[in-house]
Amino acid sequence: MPLWSLLSTQVWGPGSVLLILVFLLRLSVRLWHKTQLWDLQHCPTDLTGKTAVVTGANSGIGKVVSQELARRGARVVLACRSRERGQRALAEIQAATKDASLLLGEVDLSSMASIRSFARWLLQECPEIHLLVNNAAVCGIPRTLTPEGLDLTFATNYVGPFLLTNLLQGIGKVVSQELARRGARVVLACRSRERGQRALAEIQAATKDASLLLGEVDLSSMASIRSFARWLLQECPEIHLLVNNAAVCGIPRTLTPEGLDLTFATNYVGPFLLTNLLQGALQRAGSARVINVSSSWQTQGYFDEEHLTGAGGPLTFNQNYYCSKLLLTSITGEFARRLQGTGVTVNSVDPGLVYTEIMRTLPLYYRFSFWISSFFIKDPTQGANPVLYLSLAKELDGISGKYFSRSCVIIPPAKAAQDPQVAQRLWNVSVKLTNLDKVD
Ligand SMILES: NC(=O)c1ccc[n+]([C@@H]2O[C@H](COP(=O)([O-])OP(=O)(O)OC[C@H]3O[C@@H](n4cnc5c(N)ncnc54)[C@H](OP(=O)(O)O)[C@@H]3O)[C@@H](O)[C@H]2O)c1
């Protein structure tokens, strides 16, 4: 009997026919999904000795992923909000994989305090992390504010994973780690001792380098920079590489106790003063490089020295960041001219658009769009690549006063940053502001 006559007999009825059709549809969708799947079974990757962290690991995709990673020998940290559900998942995965190294960590991704305390614990338990799966998320929750004033859904699905990823990463940390791995004695210059110590422990564990040093400096405070430079020059009379990497972004006009605008102080005046104070040590090294981490956004800035003290022309949102990077790019040329023939080269570089913690101070809609595009923009390891190129590449010996694009190519910076007269004027203003003309 043909299929259609079979389906249309009264024995089956329209309900059964519908059921069969749904069944067939489901079967074909499943088969189609199967053809789209990556062939997991034939992937030989062994994860013995590796550590993986999976958020939202107590159910759904997170649980399956955790189990597969554990089966392949990884030490998996199940990062769960509820201890009780986490313990149930842990017991299940342990039973299925016979893996006794599984760890359970409690973290509520909608609470930044909880994430920070989880990250502290995690970095002590696992100084090296090979895989972080930001899996946890919520859906369908009406607008609700967390006690920290964030929307619960955005906090859990975006801000939390963003903070967690970045507590474990950053361009500066990647650069420091790579330099230490190549035998340099690296000084981590950090504003927060606690965060600095964590980065130090991680880099030490990853590189087995015992010579790393941690120095405390707040680059928005000229007093702090002077005291850091005094300490540093005693510890390291010769310096071969200075990476002016620290910066802030998205902070509205705010004056520091020393009367400088916080963004300009951190991103421009601080690096200007530090480079000057370390000039002797850089020259003593015989051959040294200074790298100013700039940004392609410098092309959107404009010159107004009064911005340095929180005055001057109007700044729309984020323009203080663009303008501060323009000043840093401009002063790079002036440093290069002044240091010509001393063996010290000074260049600036755009790392490209990188998904890092610098975005944490941006408004929510900006952070959200960065999160959406985070799959397409660079991660910190990729962002560190141009900075490492300027630090390490042999062919750059003797090249100074240049601006490098994110693809490590020399390109002209903004027009204003190419003008030596503008840079000279900026130099004079900066010397006055930092009291460099007075004996230290
Ligand atoms: N991410 C991007 O898309 C992008 C694009 C172009 C250029 N850049 C540049 O790349 C560089 C690195 O940024 P990132 O993306 O890696 O961001 P990040 O992870 O936030 O790193 C910025 C670093 O600067 C430090 N810092 C901020 N204010 C400081 C102060 N007053 N004193 C001392 N240290 C201070 C931060 O320390 P805390 O931990 O204490 O905050 C942090 O270690 C910056 O110069 C940035 O402008 C980034």
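Owing to the predicted nature of the structure, the values given are computational and were not obtained by experimental measurement.

Caption draft 1: A look at the confidence of the model for the protein chain. Across the protein chain, pLDDT averages 85, with 92% of residues at or above 70. Taking the mean pLDDT of every element in the protein chain, the minimum, 56, falls on helix 1 (residues 3-8) and the maximum, 96, on strand 10 (residues 403-404).

Caption draft 2: Region of the structure containing the nonpolar core. Counting 43 residues, the largest nonpolar core has Ile225, Tyr268, Leu278 and Leu282 as the members making the most contacts within it. Among the elements of the structure, helix 9 (222-235), helix 10 (262-277), helix 11 (279-284), strand 8 (288-293), helix 12 (319-338), strand 9 (344-349) and helix 15 (420-433) are those that each provide at least two residues to this core. Looking at this core element by element, the count peaks at eight residues for helix 10. With residues up to four places along the chain from it excluded, the contact list for Ile225 reads Val217, Asp218, Leu219, Gly270, Leu273, Leu274 and Leu277. Counting 28 residues, the second largest nonpolar core, distinct from the first, contains Val77, Ala79, Val107 and Leu163.

Caption draft 3: Fine view of helix 5 (residues 112-125). Helix length check: helix 5, at 14 residues, gives a terminal C-alpha distance of 20 Å against a target of 20 Å (1.5 Å per residue), a fit within 8%. Of the positions making up helix 5, those classed as buried are Met112, Ser114, Ile115, Phe118, Ala119, Leu122 and Leu123. For helix 5, the arc enclosing every buried residue in end-on projection is 155 degrees, short of the 170-degree limit, so these residues lie on one face.

Caption draft 4: Inspection of the site of the ligand at higher detail. Taken together, the neighbourhood of the ligand is formed by 27 residues, with Arg191, Asn245, Tyr321, Val354 and Thr356 sitting nearest. Arg191 is positioned such that a nitrogen or oxygen atom in its side chain is 2.6 Å from an oxygen atom of the ligand. Between the ligand and Val354, the relevant distance is 2.6 Å, taken from an oxygen atom to a main-chain nitrogen or oxygen of the residue. For the ligand, the accessible surface in isolation is 880 Å², of which the surrounding protein chains cover 90%. Along the lines of polarity and charge, the residues of the shell around the ligand split into 13 nonpolar, seven polar and seven charged.

Caption draft 5: Representation of unusual backbone geometry within the structure. Residues other than glycine seldom take positive phi values, yet Cys408 does so here, at roughly 65 degrees. Here Cys408 shows up in the loop between strand 10 and helix 15. The exposure class of Cys408 is buried, given its relative accessible area of 19%. Its identity as a non-glycine residue notwithstanding, Asn435 has a phi of 60 degrees, on the positive side. Judged by its relative accessible area of 37%, Asn435 is partly exposed.

Caption draft 6: Local environment of the state of the cysteines. Inspection of the entire model under this criterion finds zero disulfides. Between Cys236, a free cysteine, and Cys190, which holds the nearest cysteine sulfur, the sulfur-to-sulfur gap is 14 Å. A relative accessible area of 9% means that Cys236 is categorised as buried. Cysteine Cys323 remains unbridged, with the sulfur of Cys249 as its closest cysteine sulfur at 12 Å.

Caption draft 7: Structural detail: the packing of helix 10 against helix 15. Running from N to C, helix 10 and helix 15 point in directions that differ by 85 degrees, and their axes come no closer than 11 Å. When the axis of helix 10 is compared with that of helix 15, the two are roughly perpendicular. Residues Tyr268, Phe272 and Asn276 of helix 10 pack against Leu426, Trp427, Ser430 and Val431 of helix 15. Among the residues forming the contact of helix 10 with helix 15, the class breakdown is five nonpolar, two polar and no charged.

Caption draft 8: Representation of the pairing of strand 3 (residues 103-106) in the model. Across four bridges, the pairing between strand 2 (residues 75-80) and strand 3 is parallel. Across the sheet, the residue bridging to Leu78 is Leu104, located in strand 3. Remark: the strand 2/helix 4 (residues 83-97)/strand 3 crossover connection has right-handed handedness.

Caption draft 9: Representation of the sheet that holds strand 8 in the model. In spatial order, the strands read 7-8-9-10; together these four strands make up an open sheet with parallel pairing. Of all the strands in the sheet, the pair left with one neighbour each is strand 7 (241-244) and strand 10. As paired elements, strand 9 and strand 10 share two bridges and run parallel to each other. The residue of strand 10 that forms the bridge with Ser348 is Tyr403. Along the sheet, helix 12 makes contact with strand 8, strand 9 and strand 10, crossing strand 9 at roughly 160 degrees.

Caption draft 10: Up close: the domain arrangement of the protein chain. Splitting the protein chain by domain gives domain 1 (51-167) and domain 2 (171-433). Averaged C-alpha coordinates put domain 1 and domain 2 at centres separated by 33 Å. Contacts between the two partners involve 13 residues from domain 1, matched on the other side by 17 residues from domain 2. Both sides of the domain 1 and domain 2 interface together cover about 1500 Å² of buried area, and 64% of this is carbon and sulfur. At the junction of domain 1 with domain 2, the criterion picks out zero salt bridges. There are zero residue pairs in polar contact (both at pLDDT 80 or more) connecting domain 1 and domain 2. Mapped by element, the contributors of at least two residues to the side of domain 1 that touches domain 2 are helix 5 and helix 6 (152-167).

Caption draft 11: View of the environment of Lys325. With respect to the helices and strands, the residue Lys325 is situated in helix 12. Judged by relative accessible area, Lys325 falls into the buried class, the value being 2%. Measuring from C-alpha to C-alpha, the distance between Lys325 and Gln87 comes to 49 Å, with 238 residues separating the pair along the chain. Not counting chain neighbours up to four residues away, the residues in contact with Lys325 comprise Ala247, Asn267, Val293, Ser294, Ser295 and Gln298.

Rules of the game
Residues numbered from 1 in each chain as written. Predicted model: local features only at pLDDT ≥ 70, side-chain atom pairs only at ≥ 80, totals over all residues. Heavy atoms only, no water. pLDDT = per-residue confidence, 0-100. Helix = DSSP H or I, 4+ residues; strand = E, 2+ residues; numbered from the N terminus. Core = buried A, V, L, I, M, F, W, Y, C linked by side-chain atoms within 4.5 Å. Buried < 20%, exposed > 50% of the residue type's maximum accessible area, 1.4 Å probe, protein only. Contact = heavy atoms within 4.5 Å. Expected span 1.5 Å × (residues − 1). Arc of directions from axis to C-beta. Near = heavy atom within 4 Å. Polar contact = N/O pair within 3.5 Å; in protein donor to acceptor, adjacent residues only side chain to side chain. Areas by Shrake-Rupley, 256 points an atom, 1.4 Å probe, with all protein chains shown as cover. Nonpolar A, V, L, I, M, F, W, Y, C, P; charged D, E, K, R; others polar. Disulfide = S-S within 2.5 Å. Axes fitted to C-alpha atoms, helices over the stretch in contact; angles between N-to-C directions. Parallel < 35°, antiparallel > 145°, perpendicular 65-115°, else oblique. Pairing = 2+ DSSP bridges. Right-handed = clockwise from strand over helix to strand, strands pointing away. Domains from an automatic or database assignment. Buried area = accessible area lost by both parts, 1.4 Å probe. Salt bridge = Lys/Arg side-chain N within 4 Å of Asp/Glu carboxyl O.

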